Amino acid sequence: MPHQSTEFRGILFSHMRGTRLLLCSFLLVITGLGQEITTPEKFFGFPLGADKKMARWDKIVEYYGVLEKQSAGRMKVINMGPTSMGNPFLMVVITAPGNFAKLERLRTVNLRLSDPRGLTEAQAHALVDEGKAVVVQSMSMHATEIGGAQMAPELAYDLLARKDEEARRILDNVIFIEVPCFNPDGEIMVTDWYNKQLGTAYEGTNPPWLYQKYAGHDNNRDAFQTNIPDSQYMAKILFTEWKPEAYVDHHGMGANGARIYLPPYAEPMRPFADPILWRELSWYGAHMAYKEEEADLSGAINGAVYSGWGHFGFHWITPFHNIAGMLTESAAARLATPLFMHPDQLRGNTRNLPVYEAETIFPNPWPGGWWHLRDIVERQKVSAWATLDLAARNRETVLWNAYLKGKRQTERGAAGKPAAYLISTLQHDPLTSIKLVNKLLVQGIEIQRATKVFTTPTGTMYPEGSFVITMAQPKMGLIRYLLGRTFFPDNEWTRNRDGSPIRPYDMATDTMFEYMGVRVDPVDELGEVAMARVTGPIDPAGKVTRAPNGYSMDGRLNDSFRAMNLLFDQSVALRRVDKAGTGLRPGDFLIAPGSEAVLETVARQTGVDFTPLRGAVTAGAHDMKRQRVAMYQRFGGGNIDEGWSRLVLEQFNFPYTSIFDPEIKAGNLIDKYDVLIIPNDSTATITGEAPAAGAAAGGRGGRGGGGGGGRGGNTPPEYRTGLGTEGVAAIREFVQKGGTLVALNAATAFPMDRLGIGVRNVVAGKSTKEFWCPGSTLKVTFDNTNPIAYGMPAHGLALYLDSPAFEITAQDAENYATVVRYEDRDLLESGWLVGEENLTRRAAVVSVKSGQGRVVLIGFPAQHRAQTHGTYKLLFNSLVR
């Protein structure tokens, strides 16, 4: 299938104009109606879902090309662009030829209904009469949850091959956008791994590495920051280009419970979505479950397992886009190998299913026995078809409710408080504030920019160019969570009977501005502001003001580190300020005159200004030498924190080398490297004393999706991981001879446990009743005179997630410096915190001199999922000297 442009209108509509389009569609129908549609079994050589068979992504792509040619104008395949590893990311549109003939108009109608500001009720009714329901469904985001990608081609085939009234009604009344695989890279990895291990002792295990180059299982958690290409493509479809009425993301879960989870979510729910939306989830879910029973497919459950307050992944963020965002979860086999479940192995012990017995939401328990990939394919296809069927049967209701949700959310935003959120141009790191704005634009949030200086009714002045985000718009609920302080509920839905907290599904908060270290001000009254709408991403260009004494870069800017690396690439010498001087702060970068052409290029690339020095800087600065950075990478399913760390380094042009156990065990690391990063992991996993935690290590809320790849004896010997005593000794030698060891979050226990670093974790062993803080932003102080915190503000926020808090116990305490410390009181900014007293005044980041080298303990996820821009500099500063 030929590559097509990622610009949606250009892809789909440039060749469709006027009567030529109508004639073309008519001819396609006449010539294609009698053409046989190639079955999946004929094309792939086996029925999809067959035991020990998996269709690979390249063949799936090829099959969609075949279906498109045979579709008689009912299918269009769009290659959105390359994935992280260069594979095609497909968007497949399926609808009646008559709808294709006016597809751009129908898309416009849908967008207008989703944002009905200025529409009269009569105009809205006319658009509903004209419009078609738009439904998006995506498959196998988590690549070991293979059922969705195996089901998708069969679903597309059925829509084209079936001639019954139900299929015709769907094609006539629905524009179906199918994403056959949300993670093509992972689909290829898992298929190839499975085929390689077929017939061996490792058949049905998961790959020993991340199944998305950077994100692994965390790719769902990328919905609100859109760091990877797959997320960016889906965000275009869901948030700006189409804004569907319904979205279903098909997943897989553990093997020993219900056979398929269907909407709605269980408690607790996340407020600020329109009430109609929560009713829609029950409506769609009931129809899915009804169709499962009609097809005699046992084991379906509604309203259980997955709570309505989850991370802001795609199926959990879409409700705040006024989209009925839903999730299905099918019980896993061992990838394509059948799994036998004895009835005694079936369990409840989850939300709304305390025991594995029939109840109103689970009336037909699966009795146990052999569980096949085909069982997954059948149940997922029924749920996918049921979603389309319900939308088709209720087209007018679905579209009218889209109008109502947008209208009512806008009215709530206009009537409530705050009235708006303001982002001043006066920021600690203004370039990162621009990144925040651009990420909000990807979400389809409307943003205005002040064209003049203005003052709020409370007397606060904002410069020209400041950003204004009013709540009087359809996505007010989304704005509230991304830009507003958020508290996770602490109530009967979030505590067990004994009072112990129930872990949220992933994070207790996803407040983007707090993660990014950007000041965002809620205002209850806006007043008169001259402003213009921001219509596209902002791409700031830095400037070079030529001067005889050289230049400085602001050390408070994350992007100054990117500029630093680009300058190193061009062999430009840099110095760094250690002592405040005229117009300079500790952490600022200095560049001598003579490289102005390079500076101009770097300024355009990064947005960083090169400011003229007022005079020669002869003291209080040191020459910089580029450090040779290595990062420990393990198998055992991969370490998600390691993957995200790679992405962050690449985004800021840090060169690095990934090193595995054998190279570390061989020793002499100091000959090749200056810095070694150990991402978030347990000491037992790092050393190999315990099986690796699997693909969910470094991420939270992971689901099972196949065999236990990377766990001990279930892993081929060449992929078993752990440093052993040799590796520990090699790292100790590395530090003693002058190397820098940077340990992140839980990995800080490794130097404490194995290298004799005199620090203890004061929250270790605490019960959840004593101390509990699952994914929250907390207030900290930064010692920005310490090189590890150069460029940081004096006070700020850190993301706390299963993190240690430190107390210095060493006898040589003069070699220990506390760089970041939790505040004295009122630590919680957003999220959930029980037992604040366990953290107050405790160290969060410690720098230790050890031998000729140093150990940096960054006790919280400073670079979490490439989202926490506000604390990136703690990592970056650890990598430079």
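Notes on the structure follow. Computed from a predicted structure; not experimentally measured. Numbering of residues begins from 1 in every chain and follows the order in which that chain's sequence is written. In view of the model being predicted, local features appear only for residues whose pLDDT reaches at least 70, and side-chain atom pairs are presented and counted only at 80 or more, with totals across whole chains, interfaces and linings using the full set of residues. The basis for every side-chain value is the complete set of non-hydrogen atoms in the structure, without hydrogens or water.

Looking now at the overall build of the protein. Helix numbering and strand numbering both begin at the N terminus, where a helix is a DSSP run of H or I of at least 4 residues and a strand a DSSP run of E of at least 2. Helix and strand counts for the protein stand at 26 helices and 36 strands. Radius of gyration: C-alpha atoms only; globule rule: 2.2 Å multiplied by the number of residues to the exponent 0.38. Taken over C-alpha atoms, the radius of gyration comes to 28 Å for the protein, in line with the 29 Å a tight globule of 881 residues would show. Within the protein, the fraction of its 881 residues that count as buried is 63%. Partitioning the contacts of the protein with sequence separation of at least 6, the portion at a separation of at least 24 is 81%. A total of about 31200 Å² of accessible surface is found on the protein, and carbon and sulfur atoms cover 51% of it. A gap of 3 Å separates the mean positions of the 92 positive and 94 negative side-chain charges of the protein. Each residue's exposure class comes from its accessible area (1.4 Å probe, protein chains only) as a fraction of the maximum for that residue type: buried when under 20%, exposed when over 50%, partly exposed otherwise. Pairs of residues are marked as contacts when any of their non-hydrogen atoms sit within 4.5 Å. For the area figures, the Shrake-Rupley method with a 1.4 Å probe applies, and any residue is considered shielded solely by the protein chains shown. Positive: Lys, Arg. Negative: Asp, Glu. His and the chain ends are not part of the count. All charge positions are set by atom: Lys at NZ, Arg at CZ, Asp at CG, Glu at CD.

Moving on, we get to the pairing of strand β1 (residues 75-82). Within β1, seven of the eight residues are buried, which leaves it mostly tucked inside the rest of the structure. The rule for pairing is simple: two strands pair if DSSP sees at least two bridges between them. Sheet analysis places β1 next to strand β2 (residues 88-94), joined by seven bridges and oriented antiparallel. For K76, the partnering residue across the bridge sits in β2 and is V93. Taken together, β1 and the strand that follows it, β2, pair antiparallel across an intervening segment of five residues, in which G86 is found at a positive phi of about 90°.

All right, on to the nonpolar core then. By nonpolar core we mean a set of buried residues, namely Ala, Val, Leu, Ile, Met, Phe, Trp, Tyr and Cys, connected to one another through side-chain atoms within 4.5 Å. With 158 residues, the main nonpolar core has L436 and L483 as its most contacted residues. Residue contributions to this core peak at ten residues, all from helix α14 (residues 373-393). Apart from the residues lying within four places of it in its own chain, the contact partners of L483 are Y421, L436, L440, I469, F513 and V520. F568, V742, V845 and L874 belong to the second largest nonpolar core, which has 71 residues in total.

Our focus in this paragraph is the sheet that holds strand β17 (residues 467-470). One open sheet accounts for five strands, arranged β18-β13-β17-β14-β19; its pairing is antiparallel. Here the strands that pair on one side only, and so sit at the sheet edges, are β18 (521-523) and β19 (531-533). For this sheet, the mean inter-axis angle between neighbouring strands, taken without regard to orientation, is 30°. Both strand β14 (residues 448-450) and β17 contribute to a ladder of two bridges, which runs antiparallel. Paired with Q448 across the strands is V468, a residue of β17. Note on geometry: axes are lines fitted to C-alpha atoms, helical ones only across the stretch in contact, with angles between N-to-C directions running from 0 to 180 degrees.

Burial within strand β5 (residues 246-253) is extensive, with eight of its eight residues counted as buried. Residues A246, V248, H250 and G252 of β5 are buried on one face, and the alternating residues Y247, D249, H251 and M253, pointing to the opposite face, are buried as well.

Take the sheet that holds strand β10 (residues 324-331) next. Strand order in the open sheet formed by eight strands is β1-β2-β4-β3-β5-β10-β6-β8, and the pairing between neighbours is mixed. Two strands lie at the open edges of the sheet, namely β1 and β8 (300-302), each paired on one side alone. Each adjacent strand pair in this sheet contributes to an overall mean axis angle of 20°, direction not counted. By the bridge criterion, six bridges tie strand β3 (residues 133-139) to strand β4 (residues 174-179) in an arrangement that is parallel. Of the residues in β4, the one forming a bridge with A133 is V174. Sitting on the sheet, α14 touches β3, β4, β5, β6 (260-262) and β10, and the angle it makes with β3 is about 165°.

Interaxial distance between helix α6 (residues 103-114) and helix α7 (residues 121-130) falls to 10 Å at its minimum, and their mutual angle equals 140°. Taken together, α6 and α7 sit at an angle that is classed as oblique. Once α6 is placed against α7, the crossing between them reads as left-handed. Two secondary-structure elements touch here, α6 through R105, L106, V109, R112 and L113 and α7 through A124, L127, V128 and E130. Side-chain classes are defined by residue name, with Ala, Val, Leu, Ile, Met, Phe, Trp, Tyr, Cys and Pro counting as nonpolar, Asp, Glu, Lys and Arg as charged, and the others, Gly among them, as polar. Broken down by class, the residue content of the contact of α6 with α7 amounts to six nonpolar, no polar and three charged. In this scheme, roughly parallel covers angles under 35 degrees and roughly antiparallel covers those over 145, while 65 to 115 is roughly perpendicular and the rest are oblique. Crossings are classed by handedness, with left-handed meaning an anticlockwise turn of the near helix from the far one by less than a right angle and right-handed meaning a clockwise turn.

Throughout this description, the term salt bridge denotes a Lys or Arg side-chain nitrogen within 4 Å of a carboxyl oxygen of Asp or Glu. Counting across every chain of the model gives 50 salt bridges. For R760, the salt bridge goes to E807, with nearest N and O atoms at 2.7 Å. Within this pair, whereas R760 is found in strand β29 (residues 759-761), its partner E807 is found in strand β32 (residues 806-808), the two being separated by 47 residues in sequence. Judged by relative accessible area, E807 falls into the partly exposed class, the value being 26%. Residues joined in a network through salt bridges with shared partners are R162, D164, E165, E166, R169, D389 and R393.

It is worth spelling out helix α8 (residues 147-161) at this point. If you check α8, its first and last C-alpha atoms are 21 Å apart, about what 15 residues at 1.5 Å a residue would give, namely 21 Å. Most of α8 sits inside the fold, with 14 of its 15 residues counted as buried. Expected span of a helix: the number of residues minus one, times 1.5 Å.

As a further point, take the packing of aromatic side chains. We call Phe, Tyr and Trp rings a pair once their centres come within 6.5 Å, taking the six-membered ring for Trp, and we label the pair stacked below 30 degrees between planes, edge-to-face above 60, and tilted otherwise. For the coordinates displayed, the defined rule picks out 41 aromatic pairs. On the numbers, 5.3 Å between centres and 55° between planes, the contact of F44 with Y63 is tilted. Pair noted here: F44 is in helix α3 (residues 40-44) and Y63 is in helix α4 (residues 57-70), with a separation of 19 residues, a long-range link. Y63 matches F44 in its accessibility class, with the two residues each being buried. Taken together, a centroid distance of 5.9 Å and an interplanar angle of 75° make the contact between W309 and Y481 edge-to-face. One end of the pair, W309, is in the loop between β9 (307-308) and α13 (314-317); the other, Y481, is in helix α17 (residues 476-483), with 172 residues separating them in the sequence. Taking the relative accessible area as the measure of exposure, W309 reaches 3% and is therefore buried. Joined through ring pairs, the aromatic side chains of F272, W309, F312, F320, Y481, F488, W772 and W832 make up one cluster. A ring is considered to have a charge above it if a Lys NZ or an Arg CZ atom is located within 6 Å of its centre and within 35 degrees of its normal. Between the NZ or CZ atom of R270 and the centre of the ring of F312, over which it lies, the distance is 4.2 Å. The aromatic ring of Y481 is capped on one face by R480, whose charged end is 5.6 Å from the ring centroid.

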